[in-house]
Amino acid sequence: MRSKTRKKGSSIGYFSKSIFVLNTIAAVTLLLSYLAAFINPQSFWPFAFFGLAYPFLLLINIAFVVYWLFRKAKYSLLSLAVILIGWKFVTGNIGFRGSTGIQVPKSSQNFIRVLTWNAHYFKKFDSQNDKIVKDQMLDVIRNEQPDVLCIQEFYSRKKGEFNIRKSVLEILNTEHYYLENIMANDYEGIGLAIFSKYKVRNKGQIVFPNTDAGNQVIYADFKVNNKSFRIYCVHLQSIKFQPEDYDYLKEVKQANANAESSKRIGSRLKNAFLKRAEQAKILRRHALDSGLPYLIAGDFNDTPASYTVNTLSKGIKNSFREKGSGFGVTYNGDFPNFQIDYILASNDFNVKNYCIIPKKLSDHYPVRSDMELK
């Protein structure tokens, strides 16, 4: 009788077995998401989609851990073990420390303050030029006073209220900048920009093959305290969503979906995965060949569990992973919110702090970090 009782107590019912099957599927897919960081999408692209889904797969597995702790604790070990195997991805998305980036101004003149921002042409997403928004964005730059400012999707007119180039130079009290327009006319231009309180000693750009205008890299070299370094301002391959894609994403949030739209969005994502993989390899090689300490700052358009981010951050420092706090969300547009903006540093730098500035002005948050060049 006692033996039968033990056997009964050690088993789980049909419902719990069904839950455990779902748990196993969730654990396996989470494991697959880790492979996205190491397998080039150009070799096998499906893993990239698992990497994109990593935050959701992590939450699902955390839910299973909590569920089993209240039902039968030993079964929680499956998801718990898989989560711990991928701990580097957890810390790539979540900073388990208090905020380190509250120092305004910077706490030491020896630090190099870097701020990167996809400014979306200094206006809110999918809207017209707005003086109030533009002024609020300039106020962020004025308050942060970066030594080096990297702006993607930079916009400026040649004169007047929206001569943003002139405004930024005045705010930073500098004359040093490098602006590479992607499109321009006699009235206005858009492109990538690096503004600096240090003299620009060398500059250039990386134009990627088979890539649309706007997704490229510019770089500038500086010397501080007799030490030279390079900073790359990066805007890697965009997904190129169209208005109908954003409309569909809103429908998905309301549990309305259709196969044709899903296929179209999947195709856009796949194309972007493939191009960013190539761009990441080109940029990494360029940085290593420079022979200089370097920083890579900007909009990578990819998540911490991606091949792109893993390739560029391999062997160097990710400022969020070093000093970030809380959830590392840098995008606030209609697509599910992720961390896609980064400041990476070669090992010649110490990362002193990190801050995502919670200003919903562009569809990206500005990201700031103070660096110390050894």
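Computed from a prediction, not measured in an experiment: that's the story for all the values here.

1. Considerations on the sheet that holds strand E3 (residues 148–157)
Here is step 1 of the chain: The strand order across the open sheet formed by 6 strands is E4-E5-E3-E2-E14-E13, and the pairing between neighbours is mixed. On the outer flanks of this sheet lie strand E4 (176–184) and strand E13 (349–356), each paired with one strand and no other. Neighbour-to-neighbour, the strand axes of this sheet turn through a mean angle of 25 degrees, independent of strand direction.
Here is step 2 of the chain: Pairing of E13 with strand E14 (residues 367–373), which is carried by 7 bridges, proceeds in the antiparallel orientation. Paired with Val351 across the bridge in E14 is Met371.
Here is step 3 of the chain: In the packing of helix H7 (residues 131–144) onto the sheet, contacts are made with strand E2 (112–118), E3 and E14, and the angle to E2 comes to roughly 165 degrees.
Here is step 4 of the chain: Contacting E3, E4 and strand E5 (188–196), helix H8 (residues 164–172) crosses the sheet at an angle of about 145 degrees to E3.

2. Quick notes on the packing of aromatic side chains
Here is step 1 of the chain: Counted under the stated rule, the structure contains 25 aromatic pairs.
Here is step 2 of the chain: Each ring, one from Phe38 and one from Phe89, has its centre 6.4 Å from the other, and the planes form 75 degrees; the classification is edge-to-face. Taken together, the residues span a long stretch of sequence, with Phe38 in the loop between helix H2 (14–35) and helix H3 (46–52) and Phe89 in helix H6 (residues 87–93) at a distance of 51 residues.
Here is step 3 of the chain: Take Phe89: its relative accessible area is 4%, and that puts it in the buried class.
Here is step 4 of the chain: By way of ring pairs, the aromatic residues Phe20, Tyr67, Trp68 and Tyr75 are connected into one cluster.
Here is step 5 of the chain: When the ring centre of Phe162 is taken as reference, the NZ or CZ atom of Lys134 above it lies at 5.2 Å.

3. Re unusual backbone geometry
Here is step 1 of the chain: Phi at Glu153 is positive, roughly 55 degrees, even though this residue is not glycine.
Here is step 2 of the chain: Structurally, the position occupied by Glu153 is in strand E3.
Here is step 3 of the chain: Notably, Asn210 is not glycine yet its phi reads approximately 55 degrees, a positive angle.
Here is step 4 of the chain: Of note, Asn210 is situated in the loop between strand E6 (202–206) and strand E7 (217–224).

4. Some thoughts on the packing of helix H4 (residues 54–71) against helix H5 (residues 77–85)
Here is step 1 of the chain: Put simply, H4 and H5 touch, their axes get as near as 8 Å, and they point 140 degrees apart. When the axes of H4 and H5 are compared, the crossing they make is left-handed. From H4, Leu58, Asn61, Ile62, Phe64 and Val65 reach across to H5, where they touch Ser79, Leu80 and Ile83.
Here is step 2 of the chain: Tallied by class, residues from the contact of H4 with H5 come to 6 nonpolar, 2 polar and no charged.

5. Focus on the environment of Ser156
Here is step 1 of the chain: By the secondary structure assignment, Ser156 is in strand E3.
Here is step 2 of the chain: Classification of Ser156 by relative accessible area gives buried; the value is 9%.
Here is step 3 of the chain: Between the C-alpha atom of Ser156 and that of Ser167, which follows or precedes it by 11 residues, the distance is 9.5 Å.
Here is step 4 of the chain: Not counting the four nearest positions on each side in its chain, Ser156 is found in contact with Phe162, Asn163, Ile164, Arg165, Glu188 and Gly189.
Here is step 5 of the chain: Side-chain polar atoms of Ser156 contact the backbone nitrogen of Ile164, separated by 3.0 Å.

6. Quick look at the state of the cysteines
Here is step 1 of the chain: One pass over the structure, following the stated rule, counts 0 disulfides.
Here is step 2 of the chain: Looking at Cys233, it has no disulfide partner, and the nearest cysteine sulfur is the one in Cys150, 4.4 Å off.

7. Some points on the sheet that holds E7
Here is step 1 of the chain: One open sheet holds the 6 strands; their spatial order is E6-E7-E8-E9-E12-E10, and the pairing between them is mixed. Two strands bound the open sheet, and with one partner strand each, they are E6 and strand E10 (317–318).
Here is step 2 of the chain: Of the pairings in the sheet, the one linking strand E8 (residues 227–235) to strand E9 (residues 294–299) comprises 6 bridges and is parallel in character. Counterpart to Cys233 in the pairing with E9 is Ala297.

The rules behind the values
- Residues numbered from 1 in each chain as written.
- Predicted model: local features only at pLDDT ≥ 70, side-chain atom pairs only at ≥ 80, totals over all residues.
- Heavy atoms only, no water.
- Pairing = 2+ DSSP bridges.
- Helix = DSSP H or I, 4+ residues; strand = E, 2+ residues; numbered from the N terminus.
- Axes fitted to C-alpha atoms, helices over the stretch in contact; angles between N-to-C directions.
- Contact = heavy atoms within 4.5 Å.
- Phe/Tyr/Trp six-rings, centres within 6.5 Å; stacked < 30°, edge-to-face > 60°.
- Buried < 20%, exposed > 50% of the residue type's maximum accessible area, 1.4 Å probe, protein only.
- Lys NZ or Arg CZ within 6 Å of the ring centre and 35° of its normal.
- Left-handed = near helix turned anticlockwise from the far one by under 90°.
- Nonpolar A, V, L, I, M, F, W, Y, C, P; charged D, E, K, R; others polar.
- Polar contact = N/O pair within 3.5 Å; in protein donor to acceptor, adjacent residues only side chain to side chain.
- Disulfide = S-S within 2.5 Å.

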